[in-house]
Amino acid sequence: MSATFGDRSGRQGRLSQWLRGRRPKEAAGTDGREALLLAAAAADLPLAPAAYPAPGYRCSCDRVGCPTPARHPVSFAWQTQSTTDRAQIERWARHQPQANFITATGMTHDVLDVPLQAGREALERLLGADVEVGPVAESDDGRMLFFTLTRGTPEDEDEWWPCELDCHPETMDEHPGLRWHCRGSYVLVPPARLPGDDQQVRWVRGPEHPLPDPLSLLETLTDACARYTGAEHQGAAWPLRH
């Protein structure tokens with residue numbers, strides 16, 4: 001990591017300073033983009049520059065037939081490059097005004113990534129049950145991202161549960177239900193642009209919400225995903241809420 005992460009009190013202090021200024025819903029234009037990126041960094045989400053959409057549904061990278069256009073880091077060293085350092089993020093944001101940003105998972109946070117319809121139902125159920133739900137993002141490519149605390153940093157390096165057991169950024173199509181992004185993975189952090197007309201990744205609940213324990217969300221999310229994938233396999237419409 002290229003930045004040292006402080007304790008929760010330090011995190012809350014940095015985040016409180018940002019909240020006294022602009023809030024996530026005020027993202028508009030370059031200033032709003034930078035404010036949202038700094039808010040994510042203040043919430044201990046390590047960031048690194050990513051590709052962005054190019055004309056004709058293409059990617060800004062030089063790879064012919066890029067399989068994940070506008071959804072991948074610029075550098076192969078993204079894991080060590082990812083940082084919460086405010087000055088570095090400001091430099092990236094100002095020198096690369098079109099760039100998306102990814103946040104590396106498994107360092108301070110994980111992401112539970114679910115189909116959009118399943119995620120919306122799960123979010124409604126969680127909030128209705130007064131469960132603490134942290135930051136949540138919605139992607140116009142049909143996914144909802146629940147940001148949580150990471151599984152932790154075990155003393156024994158062999159105890160890591162690598163992301164490949166759940167999903168990997170370039171093989172996510174194999175996992176139509178729940179994807180658990182942990183060590184070795186990343187997701188786009190809002191605000192981000194996707195190929196297509198006005199396709200975006202945006203916050204539904206901003207980074208001012210504390211990161212919850214992933215296990216507190218897991219049962220509700222897996223239940224919603226099971227119902228969603230079951231309905232898809234049977235060719236049925238998404239079940240109505242009761």
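Now for a look at the structure at hand.

### What to know about the pairing of strand 5 (residues 109–115)
In step 1: Within strand 5, seven of the seven residues are buried, which leaves it mostly tucked inside the rest of the structure.
In step 2: The sheet contact formed by strand 5 and strand 7 (residues 143–149) spans seven bridges and is antiparallel. In the sheet register, V111 faces strand 7, and the bridge partner there is F147.
In step 3: Sheet topology places strand 5 next to strand 8 (residues 179–181); three bridges connect them, and they run antiparallel. Directly across from D113, in strand 8, lies its bridge partner R179.

### Quick notes on the side chain of T220
In step 1: Position of T220 among the secondary structure elements: in helix 6 (residues 215–233).
In step 2: Setting aside anything within four residues of it in sequence, one finds T220 in contact with A122, R125 and L126.

### Considerations on the sheet that holds strand 4 (residues 100–104)
In step 1: If you trace the three strands from one edge of the open sheet to the other, you get 1-4-9, paired in antiparallel fashion. Two strands close off the open sheet at either side, each with one partner strand: strand 1 (47–50) and strand 9 (186–189). With strand direction ignored, the average angle separating the axes of adjacent strands in the sheet is 40°.
In step 2: Pairing of strand 1 with strand 4 involves four bridges; the strand directions are antiparallel. Directly across from P49, in strand 4, lies its bridge partner F101.
In step 3: With respect to the sheet, helix 4 (residues 86–95) is in contact with strand 1 and strand 4, its orientation differing from that of strand 1 by roughly 15°.

### A word on the packing of aromatic side chains
In step 1: The final tally for this structure, using the stated rule, is three aromatic pairs.
In step 2: A ring pair is formed by W78 and Y186, whose centres lie 4.9 Å apart and whose planes are at 75°; its orientation type is edge-to-face. Placement of the pair is W78 in helix 3 (residues 78–81) and Y186 in strand 9, with a sequence separation of 108 residues.
In step 3: The class of W78 is buried, set by a relative accessible area of 10%.
In step 4: Classification of Y186 as buried rests on a relative accessible area of 10%.
In step 5: Ring centres of W92 and F101 lie 6.3 Å apart, and the angle between their planes is 45°; this geometry places the pair in the tilted category. In this structure, W92 and F101 share a single accessibility class: buried.

Here is what the cut-offs are and how they apply
Residues numbered from 1 in each chain as written. Predicted model: local features only at pLDDT ≥ 70, side-chain atom pairs only at ≥ 80, totals over all residues. Heavy atoms only, no water. Buried < 20%, exposed > 50% of the residue type's maximum accessible area, 1.4 Å probe, protein only. Helix = DSSP H or I, 4+ residues; strand = E, 2+ residues; numbered from the N terminus. Pairing = 2+ DSSP bridges. Contact = heavy atoms within 4.5 Å. Axes fitted to C-alpha atoms, helices over the stretch in contact; angles between N-to-C directions. Phe/Tyr/Trp six-rings, centres within 6.5 Å; stacked < 30°, edge-to-face > 60°.

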